[in-house]
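Architecture and fold: a report
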Amino acid sequence: MELSSLRIFKTVAEEGGVTQAAARLNRVQSNVSARLTQLEESLGVSLFHRSGRRMLITEDGARLLAYTERLLQLADEAQEAMRGDRQPSGQLKIGSMETTAAARLPLVLGQFHRQYPQVDLLLDTGPSDYLIQAVLNHKVDVALVAAPVDRPELTQLPVFEEELVLLTDSLHPPVTSPSDVARRTLLGFRSGCSYRRRLEAWFAEGGVSPARIAEFGTFEAIIGCVAAGMGVAMMPREVIRQRGLAESIRVHTLAPESALVQTMLVWRSDITQHAARDAFAAFFGAIPTR
């Protein structure tokens, strides 16, 4: 089996289709289909169920995928080891919470790119639970997630401390406890978001429940709906400060036990050789957090 064929197989499995995989790999669809068919023929098994354009992995495919991830990981480590003391290069896949990407990463990524121009940076955003799984499944090399992270397979580095604040519409009276916003709609990211869990826990500790939970894909949409009076949200104060949004919404300070949260940079502990990742982790020490 060729490593290039295994990379194609892995990408098809992750993307769920040849079209998406071809776009991600920058290959023509016919090449991806042909290489996948050749791999199946060489192994004598079907790796996917074909359902229209969707590719659903078979039991044999899932078994091969586990080996593929290990083989490609070892190949990448070997390549890194052979680079020796050369400057970091190649691809670095970074995962980040949406708000962290907006408020914290632009300065970091800009300076990192100027220092290491040979590293190709790819960014994926999502809630913490999704990002942790992405690291574990080799979909991203590092991720910025909210503490706590209870995964012994991951190395963790604290990089930022955020103060979370409660957001309401600008005409809302002061909020001193969850009862002040009882039966309001909770506005947040999809399930798996650590900040949303904090807000749900804050409601629960006050013995009240939100009227309902509305999910959004971007923090801009959440803030816009807060400003329109649709409900309440919890978000880092830094996002509000940088965007100059304090006039369109009302910001309420929370008790430290609810407000303070550490942002962690995490990566797989078993991947010991990754020059670009290690440079990225070391780089945070030179970046101011405020």
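These numbers come from a predicted model, not from an experiment.

**Some remarks on the packing of aromatic side chains**
- Scanning the entire structure with this criterion turns up seven aromatic pairs.
- An angle of 45° between the planes, with centres 5.0 Å apart, marks the rings of F112 and Y116 as tilted.
- Judged by its relative accessible area of 0%, F112 is buried.
- An aromatic cluster of at least three residues, connected via ring pairs, comprises F112, Y116, F160, F280, F283 and F284.
- One cation-aromatic arrangement involves R104 over F160; the distance from NZ or CZ to the ring centre is 5.2 Å.

**Examining the packing of helix 2 (residues 18-25) against helix 3 (residues 29-43)**
- Direction vectors running N to C along helix 2 and helix 3 enclose 110°, while the axes themselves pass 9 Å from each other. As judged from the angle between their axes, helix 2 and helix 3 are roughly perpendicular. Our pair here, helix 2 against helix 3, has a crossing hand that is right-handed. Along the contact surface, helix 2 presents V18, T19 and A22, while helix 3 presents Q29, V32 and S33.

**A word on the environment of A279**
- When you line up the elements, A279 lands in helix 12 (residues 275-283).
- A279 sits 41 residues away from E238 along the chain, and the two C-alpha atoms are 25 Å apart.
- If sequence neighbours within four positions are ignored, A279 has contacts with P88, F112 and Y116.

**Some points on unusual backbone geometry**
- Residue P148 is reached from A147 by a cis peptide bond, and omega for that bond is 0°.
- With respect to the element layout, P148 can be found in the loop between strand 5 (142-146) and strand 6 (154-169).
- One non-glycine residue, H138, lies in positive phi territory at about 65°.
- Turning to its location among the elements, H138 is positioned in the loop between helix 7 (128-136) and strand 5.
- By relative accessible area, H138 is classed as buried at 15%.

**With respect to the side chain of R277**
- Mapped onto the elements, R277 comes out in helix 12.
- Accessibility expressed as a relative area gives 4% for R277, which makes it buried.
- One polar contact links R277 to D278, side chain to side chain, over a distance of 2.8 Å.
- Aside from chain neighbours lying at most four places away, what touches R277 is L92, D141, V142, W267, R268, I271 and T272.

**Here we look at the side chain of S5**
- Within the element layout of this structure, S5 appears in helix 1 (residues 3-15).
- Contact partners of S5, with chain neighbours within four places excluded, come to R35 and L39.

**Remarks on the pairing of strand 8 (residues 213-216)**
- Burial along strand 8 is one-sided: the face carrying A214 and F216 is buried and the face carrying I213 and E215 is not.
- The parallel pair strand 7 (residues 186-189) and strand 8, bridged by helix 8 (residues 194-205), forms a crossover whose chirality is right-handed.

**Considerations on the confidence of the model for the chain**
- For the chain, mean pLDDT is 89; residues scoring 70 or higher make up 96% of the total.
- At the level of individual helices and strands, the chain shows its lowest average pLDDT in helix 4 (residues 59-83), which scores 80, and its highest in strand 5, which scores 96.

What counts and how
Counting from 1, residues in each chain are numbered in the order their sequence is written. Per-residue local features of the predicted model are confined to residues with pLDDT of at least 70, and side-chain atom pairs are confined, for both listing and counting, to 80 or more; whole-chain, interface and lining totals are unaffected and use all residues. Side-chain calculation: all heavy atoms of the structure are included, whereas hydrogens and water are not. Any pair of Phe, Tyr and Trp rings, taking the six-membered ring for Trp, is counted once the centres come within 6.5 Å. Such a pair is stacked with planes under 30 degrees apart, edge-to-face with planes over 60 apart, and tilted for the rest. Only protein chains enter the accessibility calculation, which uses a 1.4 Å probe; a residue is then buried when its area is under 20% of its type maximum, exposed when over 50%, and partly exposed in between. We call a charge positioned over a ring when the NZ of a Lys or the CZ of an Arg lies within 6 Å of the ring centre and within 35 degrees of the ring normal. Where helices are involved, their axes are fitted lines through C-alpha atoms of the stretch in contact, as for all axes, and angles between N-to-C directions lie from 0 to 180°. Secondary structure counts use DSSP, requiring at least four H or I residues in a row for a helix and at least two E residues in a row for a strand, with both numbered from the N terminus. In what follows, roughly perpendicular refers to angles from 65 to 115 degrees, roughly parallel to angles under 35, roughly antiparallel to angles over 145, and oblique to any angle outside these ranges. Each crossing gets its hand from how the near helix is turned against the far one by less than a right angle, where anticlockwise is left-handed and clockwise is right-handed. Only heavy atoms enter the contact rule, under which two residues are in contact if any of them lie within 4.5 Å. Identification of polar contacts relies on pairs of N or O atoms within 3.5 Å, with a donor-acceptor requirement for protein atoms, meaning one able to donate a hydrogen and the other able to accept it, and with residues adjacent in sequence counted only if both atoms are side-chain atoms. Orienting the strands away from the viewer, one traces the path from the first strand over the helix to the second; a clockwise path indicates a right-handed crossover. pLDDT measures the predictor's confidence residue by residue and takes values from 0 up to 100.

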